[in-house]
Amino acid sequence: MITIWPQYLNKDLTLSEGRKISKEYAVSNPTLSEIERALKRLGFTYSVQKERSYPGKWYEKSGRVLVEYENTKLELIKEVSLKIKEIRN
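Residues numbered from 1 in each chain as written. Predicted model: local features only at pLDDT ≥ 70, side-chain atom pairs only at ≥ 80, totals over all residues. Heavy atoms only, no water.

1. Examining helix H1 (residues 32-42)
Part 1 of the argument: Listed in full, the buried residues belonging to H1 are Leu32, Glu34, Ile35, Ala38 and Leu39. Summarising the axial view, the buried residues of H1 lie within an arc of 165°, below the 170-degree limit, and thus occupy one face. Away from the buried face of H1 by more than 90 degrees, exposed residues Lys40 and Arg41 are located.
Part 2 of the argument: Those residues of H1 hidden inside the fold are in contact with strand E1 (2-4), strand E2 (46-49), strand E3 (64-67) and helix H2 (73-88). (Buried < 20%, exposed > 50% of the residue type's maximum accessible area, 1.4 Å probe, protein only. Helix = DSSP H or I, 4+ residues; strand = E, 2+ residues; numbered from the N terminus. Arc of directions from axis to C-beta. Contact = heavy atoms within 4.5 Å.)

What follows is the structure, given as structure tokens:
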């Protein structure tokens with residue numbers, strides 16, 4: 001199981017604030033529903049936990065998604081981010 005927080009994909013955050021991928025792949029302010037839509041289109045098995053808070057911003061309930069994935073977390077995050085970009089265009 002791999003956890004994806006919206007912060008991992010957020011182009012507007014720095015690496016120290018939680019972004020995990022380069023700005024080239026990241027998107028501005030990704031929502032939990034966009035992540036869910038991307039995962040659905042990519043055909044992944046996942047579960048959404050809306051009431052969870054990212055540890056770095058414990059006071060915000062941003063939610064997270066747990067995904068069944070065999071490869072690395074970075075590969076998954078890039079794939080999801082690129083799919084969100086495609087959906088937005």
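2. Structural notes on H2
Part 1 of the argument: If you check H2, its first and last C-alpha atoms are 23 Å apart, about what 16 residues at 1.5 Å a residue would give, namely 22 Å.
Part 2 of the argument: Those residues of H2 not exposed but buried are Leu76, Ile77, Val80, Ser81, Lys83 and Ile84. Axial view of H2: buried residues confined to an arc of 160°, hence all on one face.
Part 3 of the argument: On its buried face, H2 sits against E1, H1 and E3. (Expected span 1.5 Å × (residues − 1).)

3. Concerning the sheet that holds E2
Part 1 of the argument: An order of E1-E3-E2 is seen for the three strands of this open sheet, with the pairing classed as antiparallel. The two strands at the open ends of the sheet, each matched to only one other strand, are E1 and E2. Within this sheet the neighbouring strands show an average axis-to-axis angle of 25°, counted without direction.
Part 2 of the argument: The sheet contact formed by E1 and E3 spans three bridges and is antiparallel. Of the residues in E3, the one forming a bridge with Thr3 is Leu66.
Part 3 of the argument: On top of the sheet, H1 reaches E1, E2 and E3; it is set at about 175° to E2, its chief contact. (Pairing = 2+ DSSP bridges. Axes fitted to C-alpha atoms, helices over the stretch in contact; angles between N-to-C directions.)

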